[in-house]
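Per-entry structural report
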Amino acid sequence: MSTRLVLALLLMSLSAHSGMAATSRTAAKPAPVAAAPAPTTAGRWNLIPAASVFGGSRKPPRARTDVITLDGPWVTVHSVTWRDGADSLVMDYRYRTDGEAVNKVMGQDIRTVGRRDGGALVFDSQARVLMLEVKVAESWALSAVGDSLIMRRDTDSPMGREHQRLVFGRAR
């Protein structure tokens, strides 16, 4: 429910219960209330490993930070993952929220079709590695207050099916 609608209902309720009667000529109009900006996936996000599910075949990273930028239908992600020791993995990729994008990862094309589904971003990706096909279905959703980002990822490959639930906290 929008902030303006809640405020209007609250004001109507208060005036009805307090005996204040609004007249068409003398009632003061309430000052317009600026709506709070809608939560966005854009920003710097830190993985919360203890709240995440990594699937059976993956070892949890020590840390991961994603920087997500929105530019019209484009979603750009700069991801840095720190694994055991000093080993790190840096990945940069782009998605579209209204159609297909192609990324290269380790020399392989990954085709992704993106769309919005209510408040979530949905990305369906497909890649061929040699003669093997890998499919990934992702859904990104914000918590109600926008301080957490949940990435759900289902992978289907010749190695089997895997489910991940990555929980990120907005960096301050």
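Just so it is clear, the structure is predicted and the values come from calculations on it, not from any experiment.

1. Here we look at the overall build of the protein
- Along the protein, the regular secondary structure elements total one helix and ten strands.
- For the protein, restricting intrachain contacts to residue pairs at least 6 apart in sequence, the fraction spanning at least 24 positions comes to 32%.
- Put simply, the protein shows about 11,400 Å² of open surface, and 59% of that area lies on carbon and sulfur atoms.

2. Remarks on the pattern of salt bridges
- Within the structure shown, the criterion is met by eleven salt bridges.
- Across the pair Glu 133 and Lys 135 runs a salt bridge whose closest N-O atoms are separated by 3.9 Å.
- Of the charged contacts, one joins Glu 138 and Arg 153 as a salt bridge, the two residues approaching to 3.3 Å between their closest N and O atoms. Residue Glu 138 is located in strand β8 (residues 132-142), and its partner Arg 153 is located in strand β9 (residues 148-157); the two are separated by 15 residues in the primary sequence.
- Salt bridges linked by common partners bring Arg 128, Glu 133 and Lys 135 together as one network.

3. Here we look at the sheet that holds strand β5 (residues 99-105)
- Strands sit in the order β4-β3-β2-β1-β10-β9-β8-β7-β6-β5 across an open sheet of ten strands; the sheet is antiparallel. Each end of this open sheet is capped by a strand with a single partner; those strands are β4 (88-96) and β5. Neighbour-to-neighbour, the strand axes of the sheet open up by a mean angle of 25 degrees, direction not taken into account.
- The pairing of strand β1 (residues 43-47) with strand β2 (residues 63-71) spans four bridges and is antiparallel. Looking at β2, one finds that Gly 43 is bridged to Ile 68.

4. Some words on the side chain of Ser 157
- With respect to the helices and strands, Ser 157 occurs in strand β9.
- Classification of Ser 157 as buried rests on a relative accessible area of 18%.
- If near-sequence neighbours (up to four positions away) are discounted, Ser 157 is found in contact with Glu 133 and Val 134.

5. Things to note about the pairing of β4
- Alignment of strand β3 (residues 74-82) against β4, held across nine bridges, turns out to be antiparallel. Within β4, the position partnered with Thr 81 by the bridge is Leu 89.

6. Comments concerning a nonpolar patch on the surface
- Nonpolar side chains collect at one region of the surface, where Val 129, Leu 130 and Met 131 lie side by side and expose about 380 Å² of accessible area between them.
- For Met 131, a relative accessible area of 71% translates into the label exposed.

7. Points about the pairing of β3
- Here β2 pairs with β3 via nine bridges, running antiparallel. In the strand pairing of β3, Ala 63 is matched with Trp 82.
- Between the antiparallel neighbours β2 and β3 lie two residues, among them Gly 72 with a positive phi of about 65 degrees.
- Hairpin connection, β3 to β4: the antiparallel pair is bridged by five residues, and Gly 85 has positive phi, about 65 degrees.

The rules behind these values
Residues numbered from 1 in each chain as written. Predicted model: local features only at pLDDT ≥ 70, side-chain atom pairs only at ≥ 80, totals over all residues. Heavy atoms only, no water. Helix = DSSP H or I, 4+ residues; strand = E, 2+ residues; numbered from the N terminus. Contact = heavy atoms within 4.5 Å. Areas by Shrake-Rupley, 256 points an atom, 1.4 Å probe, with all protein chains shown as cover. Salt bridge = Lys/Arg side-chain N within 4 Å of Asp/Glu carboxyl O. Pairing = 2+ DSSP bridges. Axes fitted to C-alpha atoms, helices over the stretch in contact; angles between N-to-C directions. Buried < 20%, exposed > 50% of the residue type's maximum accessible area, 1.4 Å probe, protein only. Patch = residues over 30% accessible without salt bridge, like charges linked within 9 Å, V, L, I, M, F, W, Y side chains within 5 Å.

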